[in-house]
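For reference, the chains in residue letters:
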Amino acid sequence: MTATAPAAGATVRKCSPGAARGPRRRTGRLRRVGLPYLLLLPALLLELLVHLAPMVIGIVMSFKELTQFYIRDWSTAPWAGLDNYSVSVDFDAPVGQALLHSFLVTVAFTVLSVGLCWLIGTAAAVFMQDTFRGRGLLRALFLVPYALPVYAAVITWVFMFQHDNGLVNHVLHDQLGLTDKPSFWLIGDNSFVALLTVSVWKGWPFAFLIVMAGLQNLPRELYEAAALDGAGMVQQLRRITLPSLRPVNQVLVLVLFLWTFNDFNTPYVLFGKSAPDAADLISVHIYQASFVTWNFGTGSAMSVLLLLFLLVVTGVYLALTSRGRRTAQ
């Protein structure tokens, strides 16, 4: 047998195993990277369908003169341009004055509710850090208002705030004698106090839960060293607890602000379709402008203005808090 020599000038190429596995490795890497996004795709599409589509429709409706005459086919409503926005922000006209009053009431309500929820939740979380008998049961009881359905919880408060046979008037007037006569809690100026009470009762367990989770990550050695240096409970709270919880509190305050400012279920169940002037939150006010007066164009414009306000406040808050973190570092 004679061996045949390769022709002159021919190049012999050797195929290495690594080169053959290169495309397979790239394909496997693409599959591993793309699989999580593929699994998230149905949820993202559903989220866009549930939230983004109504948002876009609401923005389009805000530029239309949409009343009850066009409710069957809202796309045929005449184009109004910026008229709905100009009516909403005209504070010399009745519609603008009512919206401004509702906005100021909502701001006052949100500041008080968020502040009290954070204060009570933080105090309870700090108190629960110590070990004592029945701590687990007390934690579970603290979370009951947050775990209850909103309708069941608020409708219970409606019965408690009744004028003639409510538990609140029975305790304050009949038993403690703090008032001269039974008060009307669901109408008049007292409605703001009633709404604030229900909101704080319902919201502070969430603050308690978040702050308590943040406290679990703080090392006990810091408190032991501070106690050896002679720091009391107040100094430990100021120098260790609150500075360490700053990132947690920044997120907590923002979430509580957005939830409280947009809260619709609590005032609607507590007062019905028409809330008193003292408790006229902007969420209920927009509902009345849309579904009571049947002026969906103006109501949509108010909703868009509320969305823009919340976006601006959130952006400013995040910018300030991020700048504070960089300065602290």
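It should be emphasised that the depicted structure is a prediction, and the values quoted were computed from it without experimental measurement.

1. With respect to the overall build of the protein
The secondary structure content of the protein amounts to 14 helices and 0 strands. Starting at the N terminus and walking to the C terminus, you meet the elements of the protein as α-α-α-α-α-α-α-α-α-α-α-α-α-α. Counting all 329 residues of the protein, 33% fall into the buried class. For the protein, long-range pairs separated by at least 24 residues make up 65% of all intrachain contacts whose partners lie at least 6 apart in sequence. Within the structure as shown, the protein displays about 21,100 Å² of accessible surface, and the carbon and sulfur contribution to it stands at 66%.

2. Some words on unusual backbone geometry
One non-glycine residue with positive phi stands out, namely Trp-294, at about 60°. Here Trp-294 lies in the loop between helix 13 (282-292) and helix 14 (296-328).

3. Description of the packing of helix 3 (residues 94-127) against helix 11 (residues 246-261)
The contact between helix 3 and helix 11 brings their axes to 9 Å, and the two run at 140°. With respect to their mutual orientation, helix 3 and helix 11 come out oblique. The way helix 3 lies across helix 11 gives a crossing that is right-handed. Touching Phe-103, Thr-106, Val-107, Phe-109, Thr-110, Ser-113, Val-114, Cys-117 and Trp-118 of helix 3 are Asn-249, Leu-252, Val-253, Leu-256, Phe-257, Thr-260 and Phe-261, all from helix 11. Looking at the contact of helix 3 with helix 11 residue by residue, the classes come out as 11 nonpolar, 5 polar and no charged.

4. Points about helix 6 (residues 150-160)
Among the residues of helix 6, Ala-153, Val-154, Trp-157 and Val-158 are the ones counted as buried. Seen from one end, helix 6 has its buried residues packed into an arc of 145°, which puts them on one side. Relative to its buried face, helix 6 has exposed residues pointing more than 90 degrees away, namely Tyr-151 and Phe-159. Next to the buried residues of helix 6 lie helix 8 (190-215) and helix 12 (265-271).

5. Description of the environment of Pro-243
Tracing the backbone through its elements, the reader meets Pro-243 in helix 10 (residues 233-244). Its relative accessible area of 35% is what places Pro-243 among the partly exposed residues. Aside from chain neighbours lying at most four places away, what touches Pro-243 is Leu-237 and Arg-238.

6. Looking at the packing of aromatic side chains
One pass over the full model with this rule turns up 21 aromatic pairs. Taken together through their ring pairs, the aromatic side chains of Phe-264, Tyr-268, Tyr-287, Phe-291, Trp-294 and Phe-296 make up a single cluster.

7. What to know about the confidence of the model for the protein
Mean pLDDT for the protein: 84, with 89% of residues reaching 70 or above. In the model, residues 8-12 has pLDDT below 50 throughout and makes 0 contacts with residues more than four positions away in sequence or in other chains.

What counts, and where the lines are drawn
Residues numbered from 1 in each chain as written. Predicted model: local features only at pLDDT ≥ 70, side-chain atom pairs only at ≥ 80, totals over all residues. Heavy atoms only, no water. Helix = DSSP H or I, 4+ residues; strand = E, 2+ residues; numbered from the N terminus. Buried < 20%, exposed > 50% of the residue type's maximum accessible area, 1.4 Å probe, protein only. Contact = heavy atoms within 4.5 Å. Areas by Shrake-Rupley, 256 points an atom, 1.4 Å probe, with all protein chains shown as cover. Axes fitted to C-alpha atoms, helices over the stretch in contact; angles between N-to-C directions. Parallel < 35°, antiparallel > 145°, perpendicular 65-115°, else oblique. Left-handed = near helix turned anticlockwise from the far one by under 90°. Nonpolar A, V, L, I, M, F, W, Y, C, P; charged D, E, K, R; others polar. Arc of directions from axis to C-beta. Phe/Tyr/Trp six-rings, centres within 6.5 Å; stacked < 30°, edge-to-face > 60°. pLDDT = per-residue confidence, 0-100.

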